[in-house]
2 protein chains.
Amino acid sequence: MTTPTNAETPAEILAAARRDHAALVERGLSLNLTRGKPSARQLDLSADLLSLPGDRHTAADGTDCRNYAGAPQGLLELREIFADLLQVPVEQLIAAGNASLELMHDCLAGAFLGTLPGAEGRWADAERVAFLCPAPGYDRHFTLCERFGIEMIPVPMTDQGPDMDVVERLVSSDAGVKGIWCVPKYSNPDGVSYSDETVQRLASMETAAPDFRIFWDNAYAVHHLTDEEVEIADLLAACAESGNPDRAFVFGSTSKVTFAGAGVAFLGSSPANVRWYLERAGARSIGPDKINQLRHALFLKDAEGVRAHMRGHRELLQPKFEAVERILSKQLAGTGLATWSTPKGGYFVRLDVLDGCAREVVRRAAEAGIALTPAGATHPYGEDPQDRTIRIAPSFPELDALEEAIEGLAVCVRLVGAEKLVADQG
Amino acid sequence: MTTPTNAETPAEILAAARRDHAALVERGLSLNLTRGKPSARQLDLSADLLSLPGDRHTAADGTDCRNYAGAPQGLLELREIFADLLQVPVEQLIAAGNASLELMHDCLAGAFLGTLPGAEGRWADAERVAFLCPAPGYDRHFTLCERFGIEMIPVPMTDQGPDMDVVERLVSSDAGVKGIWCVPKYSNPDGVSYSDETVQRLASMETAAPDFRIFWDNAYAVHHLTDEEVEIADLLAACAESGNPDRAFVFGSTSKVTFAGAGVAFLGSSPANVRWYLERAGARSIGPDKINQLRHALFLKDAEGVRAHMRGHRELLQPKFEAVERILSKQLAGTGLATWSTPKGGYFVRLDVLDGCAREVVRRAAEAGIALTPAGATHPYGEDPQDRTIRIAPSFPELDALEEAIEGLAVCVRLVGAEKLVADQG
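Just so it is clear, the structure is predicted and the values come from calculations on it, not from any experiment.

Scanning chain A from terminus to terminus reveals 13 helices and 13 strands. For a compact globule of 426 residues, the expected C-alpha radius of gyration is about 22 Å, and chain A comes in at 23 Å, within 12% of that figure. Overall, the C-alpha framework of chain A stretches about 70 × 55 × 35 Å when taken along its three principal axes. Taken over 426 residues, chain A has a buried fraction of 63%. A separation of at least 24 residues holds for 76% of the contacts in chain A among residues at least 6 apart in sequence. In the form shown here, chain A has an accessible surface area of approximately 15300 Å², with 49% of it arising from carbon and sulfur atoms. Where the 41 positive side-chain charges of chain A centre and where its 60 negative ones centre are 4 Å apart.

For the coordinates displayed, the defined rule picks out 64 salt bridges over all chains. A salt bridge links Glu197 of chain A to Arg201 of chain A; the nearest nitrogen and oxygen atoms lie 3.2 Å apart. Note that Glu197 of chain A and Arg201 of chain A are positioned in helix 7 (residues 196–204) at a spacing of four residues, about one turn of the helix. Under the relative-accessibility criterion, Glu197 of chain A is labelled exposed at 52%. In this structure, Arg388 of chain B and Asp352 of chain B form a salt bridge, with 3.4 Å as the shortest nitrogen-oxygen distance.

Next up on the list: the sheet that holds strand 13 (residues 389–392) of chain B. Strands in a sheet are paired, the pairing made by backbone hydrogen bonds, and the direction either parallel or antiparallel. Residues and elements named next belong to chain B. Across the sheet, three strands lie side by side as 10-11-13; this open sheet has antiparallel pairing. Only two strands of the sheet have a single neighbouring strand rather than two, namely strand 10 (338–340) and strand 13. Going from strand to strand, the sheet's axes swing by 25° on average, the running direction of each strand aside. In the sheet, strand 11 (residues 349–353) pairs with strand 13 via four bridges, with the strands oriented antiparallel. Along strand 13, the bridge assignment pairs Asp352 with Thr389. Those strands touched by helix 11 (residues 303–332) are strand 10, strand 11 and strand 13, and its axis lies near 160° from that of strand 10. Its contacts with the sheet place helix 13 (residues 399–425) against strand 10, strand 11 and strand 13, and it is angled at close to 20° to strand 11.

What follows deals with the interface of chain A and chain B. Contacts between chain A and chain B engage 55 residues on the former and 55 residues on the latter. Across the chain A/chain B interface, buried area totals approximately 4600 Å², and carbon plus sulfur atoms make up 51% of it. When the buried surface of chain A facing chain B is broken down by residue, Leu50, Arg66 and Arg284 of chain A rank first, second and third, together holding 19% of it. The tally of links between chain A and chain B comes to eight salt bridges.

Let's shift gears to the relation of the copies chain A and chain B. If you rotate chain A by 180° and push it 0.0 Å along the axis, it lands on chain B with an RMSD of 0.0 Å. Such a combination of turn and shift is consistent with a two-fold rotation axis. Taking C-alpha positions as reference, the residue of chain A nearest the rotation axis is Ser51 of chain A, located at 1.9 Å. Here 100% of the interface residues in chain A have copies in chain B that are interface residues too; the copies meet face to matching face.

Turning to the domain arrangement of chain A, a few remarks are in order. Residues and elements named next belong to chain A. Assigned domains within chain A: domain 1 (10–33 + 308–425) and domain 2 (49–300). The gap between the C-alpha centroids of domain 1 and domain 2 is 31 Å. With 23 residues of domain 1 at the contact, the number on the domain 2 side is 30 residues. Note on domain 1 versus domain 2: buried area summed over both sides is about 2400 Å², and carbon and sulfur give 62% of it. Run the count over domain 1 and domain 2 and you get three salt bridges. Residues Lys344 and Glu228 are paired through a salt bridge, measuring 3.0 Å at the closest nitrogen-oxygen approach. One can count 13 residue pairs in polar contact (both at pLDDT 80 or more) joining domain 1 with domain 2. Those elements giving two or more residues to the side of domain 1 that touches domain 2 turn out to be helix 11 (303–332), strand 11 (349–353) and strand 13 (389–392). Ranked by the residues each element gives to the side of domain 1 that touches domain 2, the list is headed by helix 11, at seven residues. Tallied by class, the residues present in the side of domain 1 that touches domain 2 amount to ten nonpolar, nine polar and four charged.

Here we come to the environment of Met157 of chain B. Residue and element names in this part refer to chain B. Mapped onto the elements of the fold, Met157 is located in strand 4 (residues 151–158). Among the residues examined, Met157 registers a relative accessible area of 16% and is labelled buried. The spacing of Met157 and Pro134 is 23 residues in sequence and 5.8 Å in space, taken between C-alpha atoms. Discounting chain neighbours no more than four positions away, the residues touching Met157 are Pro134, Ala135, Pro136, Pro162, Ser187, Asp190, Val192 and Tyr194.

Residues and elements named next belong to chain A. This structure, assessed with the given rule, holds 28 aromatic pairs over all chains. Geometrically, the ring pair formed by Phe215 and Phe249 is edge-to-face, given 5.5 Å between the ring centres and 75° between the ring planes. Of this pair, Phe215 sits in strand 7 (residues 213–217) while Phe249 sits in strand 8 (residues 248–253), and the two are 34 residues apart along the sequence. The pair Phe215 / Phe249 is uniform in exposure class, with both members buried. Look at Phe249 and you get buried, because its relative accessible area is 1%. An aromatic cluster of at least three residues, connected via ring pairs, comprises Phe112, Trp123, Phe131, Phe148, Trp181, Phe215, Phe249, Phe251 and Trp276.

A separate point is the packing of helix 12 (residues 358–367) of chain A against helix 13 (residues 399–425) of chain A. Residue and element names in this part refer to chain A. Relative orientation of the contacting elements helix 12 and helix 13 amounts to 130°, with a least axis distance of 9 Å. Judged by the angle between their axes, helix 12 and helix 13 are oblique. Regarding helix 12 and helix 13, the two cross each other, and that crossing is right-handed. Across from Glu360, Val361, Arg364 and Ala365 in helix 12, the residues of helix 13 making contact are Leu409, Cys412, Val413, Leu415, Val416 and Glu419. Tallied by class, residues from the contact of helix 12 with helix 13 come to seven nonpolar, no polar and three charged.

The next thing to look at is the packing of helix 6 (residues 164–173) of chain A against helix 7 of chain A. Residue and element names in this part refer to chain A. Two numbers describe how helix 6 lies on helix 7: the axes approach to 11 Å, and their chain directions differ by 0°. For the element pair helix 6 / helix 7, the angle class is roughly parallel. Packed against helix 6, whose contacting residues are Met164, Asp165, Val167 and Glu168, the element helix 7 presents Thr198, Arg201 and Leu202 at the interface. Considered class by class, the residues forming the contact of helix 6 with helix 7 number three nonpolar, one polar and three charged.

Let's shift gears to the pairing of strand 9 (residues 265–268) of chain A. Residue and element names in this part refer to chain A. Burial along strand 9 is two-sided: Ala265 and Leu267 facing one way and Phe266 and Gly268 facing the other are all buried. Sheet analysis places strand 2 (residues 93–95) next to strand 9, joined by three bridges and oriented antiparallel. Note that in strand 9 the partner of Leu93 across the bridge is Gly268. Note: strand 8 against strand 9, four bridges, orientation antiparallel. Bridging across to strand 9, Ser253 finds its partner in Ala265.

Quick look at helix 6 of chain A now. Residue and element names in this part refer to chain A. Among all positions in helix 6, only Met164, Val166, Val167, Leu170 and Val171 are buried. An end-on view of helix 6 places all buried positions within 155° of arc, on one side of the element. Across helix 6 from its buried face, at more than 90 degrees, point the exposed residues Asp165, Arg169 and Ser173. Packed against the buried residues of helix 6 are strand 3 (130–135), strand 4 (151–158), strand 5 (161–162), strand 6 (177–182) and helix 7. You can read the cap of helix 6 off the contacts: a side-chain oxygen lies 3.1 Å from the backbone nitrogen of Asp165, and it is on Asp163.

What counts as what
- Residues numbered from 1 in each chain as written.
- Chains lettered and ligands numbered in written order.
- Predicted model: local features only at pLDDT ≥ 70, side-chain atom pairs only at ≥ 80, totals over all residues.
- Heavy atoms only, no water.
- Helix = DSSP H or I, 4+ residues; strand = E, 2+ residues; numbered from the N terminus.
- Rg over C-alpha atoms; globule rule 2.2 N^0.38 Å.
- Buried < 20%, exposed > 50% of the residue type's maximum accessible area, 1.4 Å probe, protein only.
- Contact = heavy atoms within 4.5 Å.
- Areas by Shrake-Rupley, 256 points an atom, 1.4 Å probe, with all protein chains shown as cover.
- Lys, Arg positive; Asp, Glu negative; His and termini not counted.
- Charge placed at Lys NZ, Arg CZ, Asp CG, Glu CD.
- Salt bridge = Lys/Arg side-chain N within 4 Å of Asp/Glu carboxyl O.
- Pairing = 2+ DSSP bridges.
- Axes fitted to C-alpha atoms, helices over the stretch in contact; angles between N-to-C directions.
- Buried area = accessible area lost by both parts, 1.4 Å probe.
- Least-squares fit on C-alpha atoms with pLDDT ≥ 70 in both.
- Domains from an automatic or database assignment.
- Polar contact = N/O pair within 3.5 Å; in protein donor to acceptor, adjacent residues only side chain to side chain.
- Nonpolar A, V, L, I, M, F, W, Y, C, P; charged D, E, K, R; others polar.
- Phe/Tyr/Trp six-rings, centres within 6.5 Å; stacked < 30°, edge-to-face > 60°.
- Parallel < 35°, antiparallel > 145°, perpendicular 65-115°, else oblique.
- Left-handed = near helix turned anticlockwise from the far one by under 90°.
- Arc of directions from axis to C-beta.

The following block contains the structure:
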């Protein structure tokens, strides 16, 4: 593989990149960087869960977790573990099923078919329901919007979070804007953590819609990759202090703490929102799987137990993120063909290539057996207007496979970038 | 306690019942017959689940159950166990979360916010959505209707299932009637199993609504109490044969097989309905808790394993139902004050007292420390027009406590019945 230097012309870079890409295709790789899945070794960290709760079946308050009834809000001992970690008072925290995405869906479904605290009616009857979508963002948030027929309005991301000037202008002028999606810590895919000022402005801004909601998907609350364990400001408290107590729904889960899709999800909010949610949830279900919550409480023990457990994840993840950084730097630094994030936590690296090149890079990588998240998936409606952003998910492959995939990806970035530069010259 | 004889006058019966009730209140009991919960000893039958899957975490097809992805329809090995038991072809059976009530809710939510196969539009936009509610029935079905603003139309129950003449008349003449709730085997609270003719008529009847759905809550499919293990006709097959393949949603769960609220729920339907459901569910969640499904598959092993396990439940439940029958017969037979069901399976006994007396019986029992399901809960809007039906749930208390509660209940039935007879004479 050839490392480009600034001395080369675009035509020379292109010729070298074509040779490299041909050689790459020749190798017939089969590598997958698409989804933010924990690796098998990360999952092994929670192996003890597979035989818990063992001979226990009662919660701390004596509830028989094997039976109906008791703990409709989830087991207290598990909520106590996650209250501080998610910045939610324990009495305002719900421990629920196996996916925070379900909680987000159900909050939307409740807003459409019921009446949110502060709302004038059902969203199903509203003339228009739009959400602000900081972009790039998480494709499954956008899918939920499509499912509910919610109009998506992209908002640019900055290194402090969404561009708050844009956000404030939109929410203050348009009562059809009912919400905003946020991944406030180690965001997907940027790795950005919201600044205190961003959180404060979100909490205190004037909104034309009385039932405006912040969907605060704190998916990576404890998912650090460096010694700098980033803290963000407490949104629920800021909303309450700003006189907007019902503005925020806070989500979290153990999917990337214990088992992905077999963990416990959390919803935190104001007392009024929590009552509203539980009343709806009480019609839908007799309650969450209390055995799985007991299992998690016994396994994680306390907040410090979670932090210690997450250091185990970091040990496995950090070398992978470092490899991505190292290879991208070696292959692409100084070429002007790409920039990328160096996240301090979370599950993703954002790679930005030359405008108009992301889809082609993904296509060329697929030719070489390297599966990437579809370009555009990071944007509402699958449309990245600059066709620039690629999401890299380094967690799942083993380190050597990851290195091979990133080396290959760099070849594709050089190839497509050089093609563009040569075409632009011509 | 005095056993009445036909020779006594209502005034004499009343005087004796008042003495018995006073003595009962004096005892200061605290007994609960409200909900159909398994007893602790029943739950002990599934103790092995508490340390499963142990050192296993892969499904039969190699899926790592600890991670995202794979088996969006649920684990095949678990669906194979329940396909025959629920009368659903395995490829049309979904294994999902911990509560079939959630699946019912989500089918309704999908019908309101999306478009069912065969529907002309969203139910949210329909002028009127009504459901037929065979009554007495299951209060949580009725609660779901209230939640969604679905009008409930009561239909009388017969010993063959709902009165099909009434059902056919209503569904054929009214396009606003979009569905019917059915508990087809060992119904809640009657213990009635639908006759083959009832099933056939449900499957083949003409409906004015093109998107009419049968919500077939087969909650007690394997929950026998006698050697006569009742079989009902196969609704899905009958619907398909009648040219109405998309008419039925079949629900089931292991809540009263393994752990209540910590089991696995199932949805079976036509291929088109299953695709419709999974497409919606795929936006809401990355998939069900596969570890809990693996745990259940390893524990139950196969359909015969479920049947054997249910015989263990029967051993614990049958003496309780026999006690109810024995005490009610001894205390109330020949009095003309009550009739009751003698179910061959399921979780409930239906006790019918004199018209206008059910609420008062429940109140008098509460005075004596015996908690019963609120009278009326078995009917839409909590209104039993004859104020006659009381649901007895014998499963949870230990046998001696149950006997005490039923003895006390019989006292209350005699007291309130005699009060009515005396008042009617006066």
